[in-house]
Amino acid sequence: MKDWLKVAMPKGRIYKQATKLFKEAGLPTPEDYGDSRKLIIPVPELEMEFIMAKPVDVPTYVEYGAADIGLVGKDVLMEEDRDVYELLDLGIAKCRMSIIGTKDWEPVFNPKVATKYPNVASQYFRQQGQQVEVIKLNGSIELAPLIGLADRIVDMVETGQTIRENGLEELEEMFSITSRLIANRVSYRLKNERIQRLCDQLQSVIGQEGTK
Ligand code: PRP
């Protein structure tokens, strides 16, 4: 099993589009092989295994070589800042990272900004020359300006439904986000042929109608 190609697959939002892309590329997907609660799913004929990971942990598995490659959102990749290769923009799970506020928001000195992405947000505001206090939250970020925890938030916007339904407003788009294929630096050398083949297969279907 040691030489098998270990692929970290994020559970959650990206998963459905990732498996669709794999299918279109003629690659196996975890559901072809595993029970829904299994965390390690072997694909013996390809000497490959899927590691079902929490999305935010994918860059960690890949940096430490517990997974050779992984699929991850650019948002997580920026926030985690891990020492990995970014091989491919998969073009899936398109969304944006934005600054969001209440409709009646007014500038204040040293505003509080709540986010799941404290590193990205701090760096962004620093580069803009804006002084802010960043507050880390783990979910339901849109609550923060509604209940007086923060003046603004930095969060993902996909359909815009969450901000609309909570009476919030997108003030500024910071980054456009898609999912990426990343690789461990050593694995990329040692398992180069297999990783490259998988990249080529994915590349051939990326951006085609229906994969977005
Ligand atoms: C994400 C994000 C927004 C929402 C955006 O949250 O943090 O809240 O999705 O999507 P929309 O524009 O299509 O409404 P997620 O569902 O991942 O849950 P979370 O609140 O735990 O972060």
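Let me begin by describing the structure that accompanies this report. Everything numeric here is computed off the predicted structure, so don't read it as measured data.

## Structural notes on the layout of surface pockets
Next, step 1: Roughly 930 Å³ of volume is contained in the largest pocket.
Next, step 2: Around the largest pocket sit 36 residues that line it, and Arg13, Asp75, Lys116, Tyr117 and Met156 are the ones nearest its centre.
Next, step 3: Mapped by element, the contributors of at least two residues to the lining of the largest pocket are helix H1 (13-24), helix H4 (74-80), strand S9 (152-157) and helix H7 (161-165).
Next, step 4: Counting residues per element, the lining of the largest pocket draws most heavily on H4, at 4 residues.
Next, step 5: Each residue belonging to the lining of the largest pocket can be placed in one class, and the counts come to 12 nonpolar, 12 polar and 12 charged.
Next, step 6: In this structure, the second largest pocket occupies an estimated 220 Å³ of space.
Next, step 7: Every residue along the wall of the second largest pocket is listed here: Lys11, Tyr15, Pro30, Glu31, Gly34, Asp35, Ser36, Arg37, Lys38, Leu39, Ile41 and Met52.
Next, step 8: Looking at the lining of the second largest pocket residue by residue, the classes come out as 5 nonpolar, 2 polar and 5 charged.

## Description of the sheet that holds strand S10 (residues 168-177)
Next, step 1: An order of S8-S7-S9-S6-S10 is seen for the 5 strands of this open sheet, with the pairing classed as mixed. One side of each edge strand has no neighbouring strand; the edge strands of this open sheet are strand S8 (133-136) and S10. Pairwise comparison of adjacent strand axes, ignoring direction, gives a mean angle of 30 degrees for this sheet.
Next, step 2: In terms of strand pairing, strand S6 (residues 95-102) meets S10 through 8 bridges, oriented antiparallel. Along S10, the bridge assignment pairs Arg96 with Ser176.
Next, step 3: This element, helix H5 (residues 118-127), spans S6, strand S7 (112-115), S8, S9 and S10 of the sheet and lies at about 95 degrees to S10.

## Things to note about the pattern of salt bridges
Next, step 1: Counting across every chain of the model gives 12 salt bridges.
Next, step 2: Bridged by salt links that share partners, the residues Lys74, Glu86, Asp89 and Arg180 form one connected network.

## Things to note about the nonpolar core
Next, step 1: Among the nonpolar cores identified, the biggest contains 28 residues, and Phe50, Leu181 and Leu202 are the most heavily contacted of them.
Next, step 2: Elements that contribute at least two residues to this core include exactly strand S1 (5-10), H1, strand S2 (40-43), strand S3 (48-53), strand S4 (69-73), strand S11 (179-183) and helix H9 (192-203).
Next, step 3: Counting residues per element, this core draws most heavily on H1, which supplies 5 residues.
Next, step 4: Not counting chain neighbours up to four residues away, the residues in contact with Leu202 comprise Leu21, Phe22, Ala25, Leu27, Leu88, Leu90 and Leu181.
Next, step 5: Ranked by size, the runner-up nonpolar core spans 14 residues in total, among them Met97, Val154, Met156 and Met174.

## Digging into a positive patch on the surface
Next, step 1: A cluster of like positive charges, contributed by Lys11, Arg37, Lys54 and Lys116, occupies part of the molecular surface.
Next, step 2: Turning to its location among the elements, Arg37 is positioned in the loop between helix H2 (30-33) and S2.

## Here we look at the site of the ligand
Next, step 1: In the vicinity of the ligand lie 13 residues, with Lys116, Glu142, Thr159, Gly160 and Thr162 positioned nearest.
Next, step 2: A distance of 2.8 Å separates an oxygen atom of the ligand from a polar backbone atom of Glu158.
Next, step 3: Side-chain polar atom of Thr162 to an oxygen atom of the ligand: 2.4 Å apart, as the coordinates give it.
Next, step 4: Here the ligand loses 74% of its free accessible area of 500 Å² to cover by the protein chains.
Next, step 5: Structurally, the ligand is housed in the largest pocket.

Reading the values: the criteria
Residues numbered from 1 in each chain as written. Predicted model: local features only at pLDDT ≥ 70, side-chain atom pairs only at ≥ 80, totals over all residues. Heavy atoms only, no water. 1 Å grid on protein atoms, 1.4 Å probe; cavity = no way out; pocket = protein on both sides within 12 Å on 5 of 7 lines; lining within 4 Å. Points joined across faces, edges and corners; volume = space filled by probe spheres on them. Helix = DSSP H or I, 4+ residues; strand = E, 2+ residues; numbered from the N terminus. Nonpolar A, V, L, I, M, F, W, Y, C, P; charged D, E, K, R; others polar. Pairing = 2+ DSSP bridges. Axes fitted to C-alpha atoms, helices over the stretch in contact; angles between N-to-C directions. Contact = heavy atoms within 4.5 Å. Salt bridge = Lys/Arg side-chain N within 4 Å of Asp/Glu carboxyl O. Core = buried A, V, L, I, M, F, W, Y, C linked by side-chain atoms within 4.5 Å. Buried < 20%, exposed > 50% of the residue type's maximum accessible area, 1.4 Å probe, protein only. Patch = residues over 30% accessible without salt bridge, like charges linked within 9 Å, V, L, I, M, F, W, Y side chains within 5 Å. Areas by Shrake-Rupley, 256 points an atom, 1.4 Å probe, with all protein chains shown as cover. Lys, Arg positive; Asp, Glu negative; His and termini not counted. Charge placed at Lys NZ, Arg CZ, Asp CG, Glu CD. Near = heavy atom within 4 Å. Polar contact = N/O pair within 3.5 Å; in protein donor to acceptor, adjacent residues only side chain to side chain. Sits in = over half its atoms within 2 Å of the grid points.

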